[in-house]
Amino acid sequence: MNSAFEVDIADIFAELELLQSNTQEGNQPIELKGLVERITPKCRVLISGEGGIGKTTLLRYFAYNWATKDKFEIFKGKILFLINIRDLEKGDNILDAIVKPIELEDFSLSTGLSGDDPNLIKKFLMDHDDEIVLLLDGLDELRFQNKSPLRLFKRERLENSSVVVTSRSVNIDDYIKTSNLHVEVKGFDKENVTKYIRKYFEYVQKFKLGDALVEKIHSHLAYEMCKNPMLLLSICFMWEEEQHLPTDEADLFKSFFLCILNQLNKQKNAKKILKFEKIPNDYLTPMLLLGKCMYQRLKNNQLSFKESEINSLAIRDEVDDKLALQLGFVYEDTTLLKKSDLAKTFTAPHKLIVESLVGFYLYKLCEIDGLQNESKNMLLSSLSDEEWENIRESEHLKMAREFAIGFLGVNAAKLLKHWITNSFPTYRSLILLFKEVVNDEHVKEVETNLMKYITTTKLDIQINDVCNSLRIFLIHHRLNKNVHTENVLYLMRKVHDISPEEIAGNLFYSDMTSEAKGKVHAHSLIAVSDQEWILNWIPGDCMDYVVDECEKYNMKYDINKLCICHKTTAAYLVHILTNSPDLTEFYASHNTITGIIFNDVGLGLQCYSKSVLSGEVIHATNMQPIMLTLNTINISDNNLSQIDGALLASLICMIPDISGTRFGVHQLCMNNCNLSGEIMNNMIIECSSRKATLRLSKLDITDNNLSQIDGALLASLICMNKDRSGRPGLPELNMHNCNLSGEVMNNMITECSSRKATLRLSILDISDNNLSQIDGALLASLICMNKDRSGMFGFLLLNMHNCNLSGEVMNNMITVCSSRRVTLRLYVLYISDNNISQIDGALLAYLICEVMNNMITECSSRTATFRLSKLDISDNNLSQIDGALLASLICEILNNMIIECSSRKVTLRLSKLDISDNNLSQIDGALLASLICMNKDSSGEVMNNMITECSSRTATFRLSKLDISDNNLSQIDGALLASLICEILNNMIIECSSRKVTLRLSKLDISDNNLSQIDGALLASLICMNKDSSGKPGLNQLNMHNCNLSGEMMNNMIKEFSSIKTLRLDNLDMSDNNLSQIDGALLASLICMMEGGWLGLLQLNMHNCNLSGEMIIMIESLNRRVVIT
């Protein structure tokens, strides 16, 4: 890279706008320092964002601060490795990338480890992974021959290390799911755009230019590009050289190219190049050589090239390659050199530069299209149809395509004509390019030129039929009767503008045959913005016609989810499943699919041939099963009684995971499907015969009659499911109401036990099955087979509701669990609606650490630590329960419970305590007060004692709700109750004030409380803490009706307002208070503070306030809206 463009990161870095994704509150801003603090040991962080947005700079800044402690200390005491993923060589993993640059001899001398084996270093790193931080930059630049670092990110390797990965926002779903923290880089906000510009021009010591750019940029079209640091740096280059601003990215990179080339001209004292289109041949040829070389590499997502590669291209095309390497677009990358490799390697400073040069090459290739051969540059020889197909479809060339379209401008049709084919998908991507890339000012001319090409090109696609379908679609959904154009591109763009909500459920065309409707649906799929809404709602009578038309022209679908809403056909499902490469979820609504249809789908997918669907037998040896990408299949509430279990298994085995070693969906839901035990047996036998390792995380087969299912086979299904680390088991298995017997369950558990498997079942629902014959000891074995990563045994949820369980079964189960001395992790256990009257309370206490007295005694002896969020022991006769024991379990049951809690010095987090409808006449008020002070029901005497006790403790309250309704409080001391309420309010206001809180209350209603002890000045403070969007203090409505307010209190409140110029108060209700002592002058001053004076106050209610006659006359004369009696 030209040294004129080298910038020190410490001098130029400005903080980026970062958003933390997937929080409970949605995407939330996070500061750089906060992000650094969140990168803790074992943490996995994903940083995503568009190209050039600052991801690489952010990682380098982390590394810079780790090395220099320049701005803040980061990763203290850790070893940090910054790795460019694009630099990984074929077959290398991350450890290889760390080890290769290390001099083994130096490592041996510095560590004392002998030998020259790189594996020694790898072992050293693995043994000390808790001391390592890995910054992996550019996941999207991973070469296709290299393994993804997903296993590392999933903690299957170097699990104790901290790992930060950056990537563009494509193909990162698995990383998002696995990450502890996902941060999106949004680039610069307005403040940091200004800061970055000033830093840049301070660095180059051209301060006035920086000031001029800051003044102009925020109101210019180019401002949106300034959020991208890479583009902003280019804008600064451009402004420094030309004092010119671009209108779009293509315009920006035109100027960027000129800046680079003019730097060379400056050194040569050559004439400045003024126009992009007038780049002289001396520079044009080496730029094309670079672009062509980079095109060959970028096709495989490779950004660097060896000198020998550009040499061979130069020799073949008879051009000089030396200048190409000296222009300033690339630099020699010595970090990629191996000892055994003397060849030089060259890299561009950023992927966008590679993409723009490839775009430049494509632009020039299209520009000379049609010229005579002798006028062509040798570098611009014509490309084959296969090459143009790759240029159209390659994800790696996406940005290069966009640059080429931008460089071509009004001539973009010269490139886009390669999208005019006999295949529907190319037209769909063409419309997206019109919408997202082609400049609005160029759309009409580009469209006209493309239509000329369409009308002069022989196509198999019947363009007139497509136009007719699109007109019908537009008229149907937009009621536009005047669509007469034959411009198919215009019609496609208009269809694309229709929102998905306008389409959903509105696909019924009257007075049309099924075949005609099928064509309309098929053709509309080319142009609609969201194909899912069409595919979900296509009526059953025209599905096969849609398939015929779409298969004729190779239609593909860019959908993630399919939800069939009408009765479907096998041909339709096979077509969608085999032509939707990103489909991950499939749902079939109630009664939309049958077992017979599903069998045909299975056969069709096995051979991927429509002839199978018509009943023909195929013996072709070259037919290969299709591989699907589904994660979820939900075909519940459909009659699958005739489904072939073996075909269902074959479908599951067509769905590999990313490693290719595990198969099936994550979730398979077939509840209420008329499945039989025989169907399930056949499915499992077929899976077993294929020796398939499945990856099911949820299997729901509830509400099916599985009485004939083989328990041993069910066990094998559970065990053939494994996670990435090889642990068997299904995390969630739902078999509610399946006519399962105790014998089936016994056989299942016996088989699991014989395999000596450690399972990973977290949720098991076997409720509403007759399990009276289940063996309790075997049930205990099943619980103890399940073990989480922390070493705890059991389930998160075990549902055995209404299973004809006996107390004997439960006792046997718990006895065996107890004898194994395992630590259980049962969070939810449902054993309701079983006759377990003979259960042993002490044994049940072992299992779940609660069943009243015996249970609690047992729990207490174990010094258990609880985290109960709900305990429901309603409808039981607990008259003999020992309160002290129950208190040891949940730290509250009134008198004895509170004593126990108090002795433990417990701090509670109760937001609500409901002890209504109990006879608490004997409760000790002082103890109830101590309960409140740890974090409420009563006779009047109890309340008095409670408040007195609270007062003696000088407690500060944070009660948000106090409900003492339906109690006989005739003896309560009103003054004490008032002191409680006023104390709460006063302390609340003081605490808010000390925190400098700004509130947004529009209404405050404290009516019907005895506030005689409230501090008027503090009440004023509370009102002033509330501010509107413009910063004016006050409330829209303040209601203090019947509060025992005094005139003195009101005077103090108004005096506190004296420093306020304008108060926002529309409605003030002080009725039914004795305000005889209120100061009229102060009241008048309060009114004058209102925005708009008396006119600003909509309602002032001082009814029944013991005001003097003079006061009433004065107020009523000022404002007729005042209500005074």
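Since we're looking at a predicted model, the values are computed, not measured. (Residues numbered from 1 in each chain as written. Predicted model: local features only at pLDDT ≥ 70, side-chain atom pairs only at ≥ 80, totals over all residues. Heavy atoms only, no water.)

A. Focus on the overall build of the protein chain. Along the backbone of the protein chain there are 47 helices and 23 strands. When burial is assessed residue by residue, the protein chain has 51% of its 1125 residues classed as buried. Surface accessibility of the protein chain: about 52900 Å² in total, with carbon and sulfur atoms responsible for 47%. (Helix = DSSP H or I, 4+ residues; strand = E, 2+ residues; numbered from the N terminus. Buried < 20%, exposed > 50% of the residue type's maximum accessible area, 1.4 Å probe, protein only. Areas by Shrake-Rupley, 256 points an atom, 1.4 Å probe, with all protein chains shown as cover.)

B. Expanded view of the sheet that holds strand β17 (residues 763–765). Pairing in this open sheet of nine strands is parallel, and the strands run β11-β12-β13-β14-β15-β16-β17-β18-β19 from one edge to the other. Either end of the sheet is taken by a strand with one partner, and the two such strands are β11 (561–564) and β19 (828–830). Each strand of the sheet is rotated relative to its neighbour by a mean of 5°, with strand direction disregarded. The sheet contact formed by strand β14 (residues 667–669) and strand β15 (residues 698–700) spans three bridges and is parallel. In the sheet register, Gln667 faces β15, and the bridge partner there is Lys698. (Pairing = 2+ DSSP bridges. Axes fitted to C-alpha atoms, helices over the stretch in contact; angles between N-to-C directions.)

C. The pairing of strand β6 (residues 162–167), seen in detail. Across the six residues that make up β6, a large majority, six, are buried. Alternating residues of β6 divide into Ser162, Val164 and Thr166 and Val163, Val165 and Ser167, and every residue in both groups is buried. For strand β3 (residues 44–48) and β6, the ladder comprises five bridges, and the chain directions are parallel. Within the sheet, the bridge partner assigned to Leu46 lies in β6 and is Val165. Here four bridges tie strand β5 (residues 132–137) to β6, and the two strands are oriented parallel to one another. Residue pairing across strands places Leu136 opposite Val165, the latter belonging to β6.

D. Spotlight on the pairing of strand β12 (residues 585–588). Only one face of β12 is buried, namely the one carrying Phe586 and Ala588, since none of Glu585 and Tyr587 on the opposite face is buried. Bridge analysis of β11 against β12 gives four bridges, and the strand direction is parallel. Its bridge partner being in β12, Lys561 is matched across the sheet by Glu585. Following the backbone out of β11, through helix α28 (residues 570–578) and into the adjacent parallel β12, one traces a crossover that is right-handed. Direction of pairing for β12 relative to strand β13 (residues 632–634): parallel, over a ladder of three bridges. (Right-handed = clockwise from strand over helix to strand, strands pointing away.)

E. How the structure looks around the side chain of His575. For His575, the position within the fold is in helix α28. Judged by relative accessible area, His575 falls into the buried class, the value being 1%. Polar contacts involving the side chain of His575 include one to the side chain of Glu551, which spans 3.4 Å. Setting aside chain neighbours within four positions, we find His575 in contact with Val547, Cys550, Glu551, Met555 and Tyr557. (Polar contact = N/O pair within 3.5 Å; in protein donor to acceptor, adjacent residues only side chain to side chain. Contact = heavy atoms within 4.5 Å.)

F. The packing of aromatic side chains, seen in detail. For the structure on display, the rule yields 22 aromatic pairs. Taken together, a centroid distance of 6.0 Å and an interplanar angle of 50° make the contact between Phe257 and Phe407 tilted. Taken together, the residues span a long stretch of sequence, with Phe257 in helix α12 (residues 249–268) and Phe407 in helix α18 (residues 398–408) at a distance of 150 residues. In this structure, Phe257 and Phe407 share a single accessibility class: buried. Centroid distance Phe424 to Tyr553: 4.9 Å. Interplanar angle 45°. Geometry classified as tilted. Of this pair, Phe424 sits in helix α20 (residues 424–436) while Tyr553 sits in the loop between α27 (543–552) and β11; the two residues are 129 residues apart in sequence, bridging distant segments of the chain. Classification of Tyr553 by relative accessible area gives buried; the value is 7%. Among the aromatic residues, those joined into a cluster by ring pairs are Tyr200, Phe201, Phe237, Phe253, Phe256, Phe257, Phe276, Phe329, Phe360, Tyr363, Phe403 and Phe407. (Phe/Tyr/Trp six-rings, centres within 6.5 Å; stacked < 30°, edge-to-face > 60°.)

G. Layout of the sheet that holds strand β9 (residues 331–332). Overall, antiparallel pairing links the three strands, which are arranged β8-β10-β9 in an open sheet. A single partner strand is all that each edge strand has here, and the edge strands are β8 (304–306) and β9. In terms of strand pairing, β9 meets strand β10 (residues 345–347) through two bridges, oriented antiparallel. Residue pairing across strands places Tyr331 opposite Thr347, the latter belonging to β10.

H. Main features of helix α16 (residues 351–367). The end-to-end C-alpha distance of α16 is 24 Å, a good match for the 24 Å that 17 residues give at a rise of 1.5 Å each. The buried fraction of α16 amounts to 16 of the 17 residues, a majority that puts the element mostly inside the structure. (Expected span 1.5 Å × (residues − 1).)

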